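Descriptive analysis of the structure
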Number of protein chains: 4
Amino acid sequence: MSETSTKQRIGVLTSGGDAPGMNAALRAVVLAAEHYGMEVIAFRHGYEGLLNNEHVPLKGADVLHVLQYSGTIIKSARCPRFKEVESAQLAATNLDSLGISALVVIGGDGSFRGAHHLSQHWKGQIIGVPGTIDNDLYGTDATIGYSTAVAIAMDALDKIRDTADAMDRVFIVEVMGRHAGFIGLKSAMAAGAERMILPELQKDKPLTIAALVKHIKRVEEVRGAGSYVMVLSEHQWPGGAVALSEQLEAEYSLPCRPCLLGHIQRGGPPTSSDRVLASELGVHAVELILQGKTEVMAGIKAGQMVEVPLVDTWTKKNPLDANLLRIQHEIFNPVKKSARS
Amino acid sequence: MSETSTKQRIGVLTSGGDAPGMNAALRAVVLAAEHYGMEVIAFRHGYEGLLNNEHVPLKGADVLHVLQYSGTIIKSARCPRFKEVESAQLAATNLDSLGISALVVIGGDGSFRGAHHLSQHWKGQIIGVPGTIDNDLYGTDATIGYSTAVAIAMDALDKIRDTADAMDRVFIVEVMGRHAGFIGLKSAMAAGAERMILPELQKDKPLTIAALVKHIKRVEEVRGAGSYVMVLSEHQWPGGAVALSEQLEAEYSLPCRPCLLGHIQRGGPPTSSDRVLASELGVHAVELILQGKTEVMAGIKAGQMVEVPLVDTWTKKNPLDANLLRIQHEIFNPVKKSARS
Amino acid sequence: MSETSTKQRIGVLTSGGDAPGMNAALRAVVLAAEHYGMEVIAFRHGYEGLLNNEHVPLKGADVLHVLQYSGTIIKSARCPRFKEVESAQLAATNLDSLGISALVVIGGDGSFRGAHHLSQHWKGQIIGVPGTIDNDLYGTDATIGYSTAVAIAMDALDKIRDTADAMDRVFIVEVMGRHAGFIGLKSAMAAGAERMILPELQKDKPLTIAALVKHIKRVEEVRGAGSYVMVLSEHQWPGGAVALSEQLEAEYSLPCRPCLLGHIQRGGPPTSSDRVLASELGVHAVELILQGKTEVMAGIKAGQMVEVPLVDTWTKKNPLDANLLRIQHEIFNPVKKSARS
Amino acid sequence: MSETSTKQRIGVLTSGGDAPGMNAALRAVVLAAEHYGMEVIAFRHGYEGLLNNEHVPLKGADVLHVLQYSGTIIKSARCPRFKEVESAQLAATNLDSLGISALVVIGGDGSFRGAHHLSQHWKGQIIGVPGTIDNDLYGTDATIGYSTAVAIAMDALDKIRDTADAMDRVFIVEVMGRHAGFIGLKSAMAAGAERMILPELQKDKPLTIAALVKHIKRVEEVRGAGSYVMVLSEHQWPGGAVALSEQLEAEYSLPCRPCLLGHIQRGGPPTSSDRVLASELGVHAVELILQGKTEVMAGIKAGQMVEVPLVDTWTKKNPLDANLLRIQHEIFNPVKKSARS
């Protein structure tokens, strides 16, 4: 790659846990950059690659047909040592020696903290693109990967419903989202789950197994025998779905079966929502560079492209949609009736 | 069913072309009605059932696990004779004799015209819920079924890409949306199509086959041999994808293969987006009844529940998202470069 | 239902763990029975329903469009008390009082033991149809549900591969099949897993964690860094995938993530293989009745319909396909080379 | 690549229409070759690449994670000029100059004719691997890609059923298989179609539109109103599903909607059956080379690996499964009753 090119050169990396749609975002960054006459250099394995100077030029032809795949073709990694001052300085040196004037970081809050740390030691522009299935970033209505994770959890819950209905049984499906119940809430509503155990619902009044059993029994009274499917956000019960299931069976003779979806939620073809969102945000990131912006995340609010200070993305909190929570937890809860009824 | 019940009684029907998520909307209407102490009566086969007095009571237990299925458990139909005054009068009589004070109509613009017509002859409340894959209703950012139709079109395009790439070939996939390019635009972007032929892009300057062939050739020059996948909205080429494909082969010796998705776009499990949207809108419809509203459609704008006058839904126009159009048609178009580049 | 009909009357039930394709088998039994002029009575909830006389007539129209769904529309159940003599006698009385001359039992080995027990106390014909995801019945090359379970496990493994590749990580996916590695072997091969831990491979020489870590390291040496995906049959490691994953991380500092598919493997639309197999076996069961056969299971061997004594199905053993095992465990194992090489 | 290696060197190519699972077969060939100490050279774009000397070495690491994708990573092509003597001679020269002693051809009957033609002019071993969705090769119970094509057609039919049921409508889905009804028969049975129009059923008595309409009406009489879904093999009606649909509407006022699946049937993740079959056949092809075989196709019969003379694969005929045809066309046909009934 000629170092004497007069074209503006931007860098890009994917960092932290991978999210479906990262490839679509990467593709959008590269295609938009080409459209505007820029060159793109990708660092492999996230900040690790930035420190190790593991880089590769990316052209449109390299990314044309990657948007249908999850994962990230430039690989991702966690990089704890990036917190050190020396790391940020080394990264800055590497970026400068490649003639890179702006860096696009596709990742979640940890990646954005890294980007902020780098900005203290590097003069180039830094733009974040929200890539995380957890949807827990302030400043955007949706993060890349969230829609796909919900779709996969919903599909698992649909499958469980088939067998749960055949046997009139209780099931627990553990989904991702340890700090936020986004995946749990939306997949529970989409699949018509009887119960969800989310961080937000546990905060003030942690669930007891007795209360859970009481709900199971009440639901059966109200609507007759049938299946009962629970969505459990990770880290909301000691030992997770496996332990909770064993306890229900041991302590209450309630036959119950667990599923632990784990990283299945990060794979498969991204949903159209994630691909379109990633495409919009990737283009927006490049256009923010053209506008001279820095230390912002490209986001979407009410269908419009926005930018939000990187620091806000993890210092402020993205709450669950209050209306969804109300509908799923109250209106669709067979044991809660309106005072009016 | 006792006619002496003191509970408020509402009616519901699904009308016109079915849309994935109609069952989820129906379920939400029933669960919300039960929550608020109302009774629900469903009319089968849309307005036909309303005229024929073909009705059935629906309780929560009847609709608990229907939201994962497309179609509509209460069936739909087209009903041309509903335009007559006598039909609206008969419908009003039937509704009154059942003690129904409000009617929820789940459907598209034709169904809402019918609802408006009925409102001229019936004193009850009428609430519309937007159920159509075409997304062509004013007043809501999304209609129920649109997300699923896009997902299915995208999945077909992904499959075509596999084989198109293996053979470096040209393909045309015909999708629904004769009056509006919503499905075409979003599926084209989601699948990274090389070209889309939409009503909105044809309006001022209809596409010629020569221009199309020129684009195909230019794309090959710019990025080398490879696959070229086109999305064609229905009714945008005489004879559709089959005819266009034959012409390309006959007139330009360009091997090309067509697919006609047709009603496949209306089936399969609805996406989580459609199920969640349908759930929200179904509940919202019931709450609009409680608020005394009538002749409005329950919609979503910028993530918030809204209501819009029924008449507006078909007299005003819902434009394509300008940013998506710009990105897919210009930024991602390999033969268009920014002046800057 | 008239007891004076001159038509032959057969009973049918689904028993034990449900399997995808049971509905297709049920449909085939009903359609074939109608074709041959018989009546069908279904017992709900397996043997429980037979004891409780919970029965329902089934006609073609009732089962036309059920073959695309998993689960079983006539519900299944486990029924431990059916082992008692009194149960078999009660079942015989119920069958006789309904004028049923033959019973089709769709289920696995437990269900067939029940059928055999019943045959000691009832004079009617009994035909088994193999419905279990485990594929562990002697006398048939495939059981109904096995293909779908493999497909679901493979899909999960594909998703895991996406994220495993992005991070170059180790993953464990726990699948069903505690006594037999059918699902494990076939899904491992279909998804290109690096390792499988199956009952058949553990029998002589149980796996140690040290040997497992050694394999992981050797694979990395041979082919470079990358993802490593393991398929673990249930009950092959104390505490399953969750425990094994924790041990790898705690004892060997090897980051590893578990998934526990559980009953997800029993849901979703059955594969075409399962639907076609179920259709063939259901028809075959009815034709075996017409031929006067009893106490046999309808099976498929080398593409041909066969019958096998019910007792053989659980007393004899269905081994894993030796060629598949050899290919996946040796030929595709990067650390095993042929002596020739 | 060193020409002085002492390792045996084999060539591989994919030819003709691509089929899902070709990548899995390619992977199996490469992994088996490595296992046995051979080198593999792939020719890109089928015979075209063989003539143009467009080749690339393939190692295990290159193909590890390709089995989940349709298409073919070494591309395929049709190559009409390969029929000429000069082409076979050029191919032989190219193979010899690369030190290749055996060639594996993955494709259908056209590709095997090409292989046979080559064998007249080249002394090396030639092994065929059946890769075609049409399943129309003699000597193997299944070809690679057939299972996936059936799965995709079935999925489309399932989706059509949803909307057909909602509107009680008639639909026609056109599937691949112009010379053989394999995809049509199996997808029709798997999806419970009311009618199939296959080459084998048309041979003696071509279908008339009057007979078709009569069947539609009779089915409605027998089982009441409902959906009616037809599977139409390509080239079995002039103008295909689109024309037949228009005729039904124009001539008989029977509302009907067409779908044309086209090449969608060749894409998406291959089924587990196709991946496992491709893995077995790919390994078998390499082992046939080791055994000194030539001009044979690796096949599967009754679950066992077999070889069949290449010439037989297209000179002899693979009939439809008679039992499946009987079941779907007679037993499951609501208007045909057994004489017994």
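If you're wondering where the values come from, they're calculated on a predicted model, not measured in any experiment.

The rules we used
- Residues numbered from 1 in each chain as written.
- Chains lettered and ligands numbered in written order.
- Predicted model: local features only at pLDDT ≥ 70, side-chain atom pairs only at ≥ 80, totals over all residues.
- Heavy atoms only, no water.
- Helix = DSSP H or I, 4+ residues; strand = E, 2+ residues; numbered from the N terminus.
- Rg over C-alpha atoms; globule rule 2.2 N^0.38 Å.
- Contact = heavy atoms within 4.5 Å.
- Areas by Shrake-Rupley, 256 points an atom, 1.4 Å probe, with all protein chains shown as cover.
- Lys, Arg positive; Asp, Glu negative; His and termini not counted.
- Charge placed at Lys NZ, Arg CZ, Asp CG, Glu CD.
- UniProt positions renumbered as here; feature names shortened; annotations may be inferred.
- Domains from an automatic or database assignment.
- Buried area = accessible area lost by both parts, 1.4 Å probe.
- Salt bridge = Lys/Arg side-chain N within 4 Å of Asp/Glu carboxyl O.
- Nonpolar A, V, L, I, M, F, W, Y, C, P; charged D, E, K, R; others polar.
- Pairing = 2+ DSSP bridges.
- Axes fitted to C-alpha atoms, helices over the stretch in contact; angles between N-to-C directions.
- Least-squares fit on C-alpha atoms with pLDDT ≥ 70 in both.
- Polar contact = N/O pair within 3.5 Å; in protein donor to acceptor, adjacent residues only side chain to side chain.
- Expected span 1.5 Å × (residues − 1).
- Parallel < 35°, antiparallel > 145°, perpendicular 65-115°, else oblique.
- Buried < 20%, exposed > 50% of the residue type's maximum accessible area, 1.4 Å probe, protein only.
- Patch = residues over 30% accessible without salt bridge, like charges linked within 9 Å, V, L, I, M, F, W, Y side chains within 5 Å.
- pLDDT = per-residue confidence, 0-100.
- Phe/Tyr/Trp six-rings, centres within 6.5 Å; stacked < 30°, edge-to-face > 60°.

Describing the overall build of chain A
- In terms of regular secondary structure, chain A is built from 13 helices and 11 strands.
- Taking 20 Å as the expected radius of gyration for a compact globule of 341 residues, we find that chain A reaches 22 Å, a close match to that expectation.
- Taking the principal axes of the C-alpha coordinates as reference, chain A spans close to 75 × 35 × 35 Å.
- The long-range share in chain A, meaning contacts at least 24 apart out of those at least 6 apart in sequence, stands at 75%.
- Carbon and sulfur atoms provide 52% of the accessible area of chain A, an area that totals close to 11,600 Å².
- Charge-centre separation for chain A: the mean point of 34 positive side chains lies 4 Å from the mean point of 37 negative side chains.

Concerning the UniProt feature "domain: Phosphofructokinase" (unreviewed entry) in chain A
- As annotated in UniProt, the feature "domain: Phosphofructokinase" (unreviewed entry) corresponds to residues 9-289 of chain A in the numbering used here.
- The straight-line gap between the two end C-alpha atoms of residues 9-289 of chain A is 11 Å; of that span, 46% is helix and 17% is strand.

Observations concerning the domain arrangement of chain A
Residues and elements named next belong to chain A.
- Per the domain assignment, the segments of chain A are domain 1 (9-145 + 270-315) and domain 2 (147-267).
- Computed over C-alpha atoms only, the centres of domain 1 and domain 2 are separated by 34 Å.
- Together, the buried faces of domain 1 and domain 2 total about 1,000 Å²; carbon and sulfur atoms form 54% of this surface.
- When residues of domain 1 are sorted by the area they lose upon contact with domain 2, Ile133, Asp134 and Thr271 head the list and together hold 42% of the total.
- There are 0 salt bridges connecting domain 1 and domain 2.
- By residue class, the composition of the side of domain 1 that touches domain 2 is 3 nonpolar, 6 polar and 4 charged.

Let's talk about the sheet that holds strand β10 (residues 296-301) of chain B
All names here are of chain B.
- Spatial strand order, β3-β2-β1-β4-β5-β10-β11: 7 strands in an open sheet with mixed pairing. Each having just a single partner strand, β3 (55-58) and β11 (304-309) make up the two edges of the open sheet. Sheet twist, expressed as the mean angle between neighbouring strand axes with direction ignored, is 30°.
- Of the strand pairs in this sheet, β10 and β11 are connected by 6 bridges, and their pairing is antiparallel. Bridging across to β11, Met297 finds its partner in Val308.

A word on the relation of the copies chain B and chain A
- Take chain B, turn it by 180°, move it 0.0 Å along the axis, and it overlays chain A with an RMSD of 0.0 Å. Both copies are brought into coincidence by an operation consistent with a two-fold rotation axis. Judged by C-alpha distance, Ala302 of chain B is the residue of chain B that lies nearest the rotation axis, at 2.0 Å.
- An overlap of 100% is found between the interface residues of chain B and their copies at the interface of chain A, pointing to a shared contact surface.

Thoughts on the interface of chain B and chain A
- On the chain A side, the residues contacting the 57 residues of chain B number 57 residues.
- There are 4 salt bridges connecting chain B and chain A.
- Linking chain B with chain A are 12 residue pairs in polar contact (both at pLDDT 80 or more), by the criterion used here.

Thoughts on helix α4 (residues 85-97) of chain C
Residue and element names in this part refer to chain C.
- Taking 1.5 Å per residue, 13 residues should reach 18 Å; α4 reaches 18 Å between its end C-alpha atoms and fits that length.
- Buried-residue contacts for α4 involve β2 (39-43), α2 (46-51), β4 (102-107) and α5 (109-119).
- Where α4 terminates, the next one or two residues include Gly99, which has phi positive at roughly 70°.

Re the packing of helix α11 (residues 272-290) of chain C against helix α13 (residues 322-331) of chain D
- At a minimum axis distance of 11 Å, the contact between α11 of chain C and α13 of chain D shows a crossing angle of 75°. Taken together, the axes of α11 of chain C and α13 of chain D are roughly perpendicular relative to one another. Of the residues in α13 of chain D, those touching α11 of chain C at Val276, Ser279, Glu280, Val283 and Glu287 of chain C are Asn323, Leu324, Arg326, Ile327 and Ile331 of chain D.
- Partitioning the contact of α11 of chain C with α13 of chain D into residue classes produces 5 nonpolar, 2 polar and 3 charged.

Examining the pattern of salt bridges
- For the coordinates displayed, the defined rule picks out 64 salt bridges over all chains.
- Among the ionic pairs, Asp168 of chain A bridges to Lys75 of chain C, the shortest N-O distance being 2.7 Å. You can see Asp168 of chain A sitting in the loop between α6 (146-167) and β6 (170-175) and its partner Lys75 of chain C sitting in the loop between α3 (60-63) and α4, one on each of two chains.
- Asp168 of chain A gets classed as partly exposed once you look at its relative accessible area, which sits at 26%.
- Between Glu287 of chain D and Arg326 of chain C there is a salt bridge, with its nearest N and O atoms 2.8 Å apart. Here Glu287 of chain D is found in helix α11 (residues 272-290), whereas its partner Arg326 of chain C is found in helix α13 (residues 322-331) on a different chain.
- Look at Glu287 of chain D and you get buried, because its relative accessible area is 12%.

Focus on the pairing of strand β9 (residues 256-260) of chain B
Residues and elements named next belong to chain B.
- Of all 5 residues in β9, 4 are buried; the element is thus mostly enclosed.
- Of the strand pairs in this sheet, strand β6 (residues 170-175) and β9 are connected by 5 bridges, and their pairing is parallel. Among the inter-strand pairings, Phe171 is bridged to a residue of β9, identified as Arg257.

Side note on the sheet that holds strand β2 (residues 39-43) of chain A
Residues and elements named next belong to chain A.
- The strand order across the open sheet formed by 7 strands is β3-β2-β1-β4-β5-β10-β11, and the pairing between neighbours is mixed. Strands at the two margins of the open sheet, each flanked by one partner only, are β3 (55-58) and β11 (304-309). Between one strand axis and the next, the sheet turns by 30° as a mean value, whatever way the strands run.
- The pairing of strand β1 (residues 9-14) with β2 spans 4 bridges and is classified as parallel. If you follow Ile10 over to β2, its bridge partner there is Val40.

Things to note about a positive patch on the surface
Residues and elements named next belong to chain A.
- Taken together, the side chains of Lys205, Lys214, Arg218 and Lys336 define a basic patch exposed on the protein surface.
- For Lys336, the location among the structural elements is in the segment after α13 (322-331).
- Classification of Lys336 by relative accessible area gives partly exposed; the value is 33%.

Looking at the confidence of the model for chain A
- Residues of chain A with pLDDT of at least 70 account for 98%, and the chain-wide mean is 95.
- As scored by the predictor, the complex reaches a pTM of 0.97 and an ipTM of 0.96.

Brief notes about the side chain of Arg223 of chain A
- Assignment of secondary structure puts Arg223 of chain A in helix α9 (residues 209-223).
- Engagement of the side chain of Arg223 of chain A in a polar contact is seen with the side chain of Glu194 of chain A, the distance being 2.9 Å.

Notes on the packing of aromatic side chains
- Enumeration according to the criterion identifies 10 aromatic pairs over all chains in this entry.
- Measuring from centroid to centroid gives 5.0 Å for Tyr69 of chain A and Tyr69 of chain D, while their planes differ by 70°, and the two rings are edge-to-face. Linking Tyr69 of chain A in the loop between α3 (60-63) and α4 (85-97) with Tyr69 of chain D in the loop between α3 (60-63) and α4 (85-97), this pair reaches from one chain into another.
- With relative accessibility at 26%, the residue Tyr69 of chain A sits in the partly exposed group.
- Seen in terms of ring centroids, Tyr146 of chain B and Phe182 of chain B are 6.0 Å apart; in terms of plane orientation they differ by 80°. Their pairing is edge-to-face. Taken together, the residues span a long stretch of sequence, with Tyr146 of chain B in helix α6 (residues 146-167) and Phe182 of chain B in helix α7 (residues 182-191) at a distance of 36 residues.

Points about α5 of chain C
- Every buried residue belonging to α5 of chain C is among Ser111, Phe112, Gly114, Ala115, His117, Leu118 and Ser119 of chain C, and all of these are buried.
- The inward-facing, buried residues of α5 of chain C contact α2, α4, β4, β5 (125-130), β10 (296-301) and α12 (310-315) of chain C.

What about unusual backbone geometry?
- The phi dihedral of Asn135 of chain C is positive, around 60°, even though this residue is not glycine.
- Tracing the sequence through the fold places Asn135 of chain C in the loop between β5 and α6 (146-167).
- By relative accessible area, Asn135 of chain C is classed as buried at 2%.
- In the Ramachandran plot, Ser253 of chain D falls in the positive-phi region, its phi being about 50° despite a non-glycine side chain.
- Its relative accessible area of 60% is what places Ser253 of chain D among the exposed residues.

Regarding the environment of Asn323 of chain C
- Turning to its location among the elements, Asn323 of chain C is positioned in helix α13.
- Considered as a pair, Asn323 of chain C and Lys186 of chain C are 137 residues apart in the sequence and their alpha carbons are 11 Å apart.
- In contact with Asn323 of chain C, other than residues within four places in its own chain, are Glu280 and Met305 of chain D.

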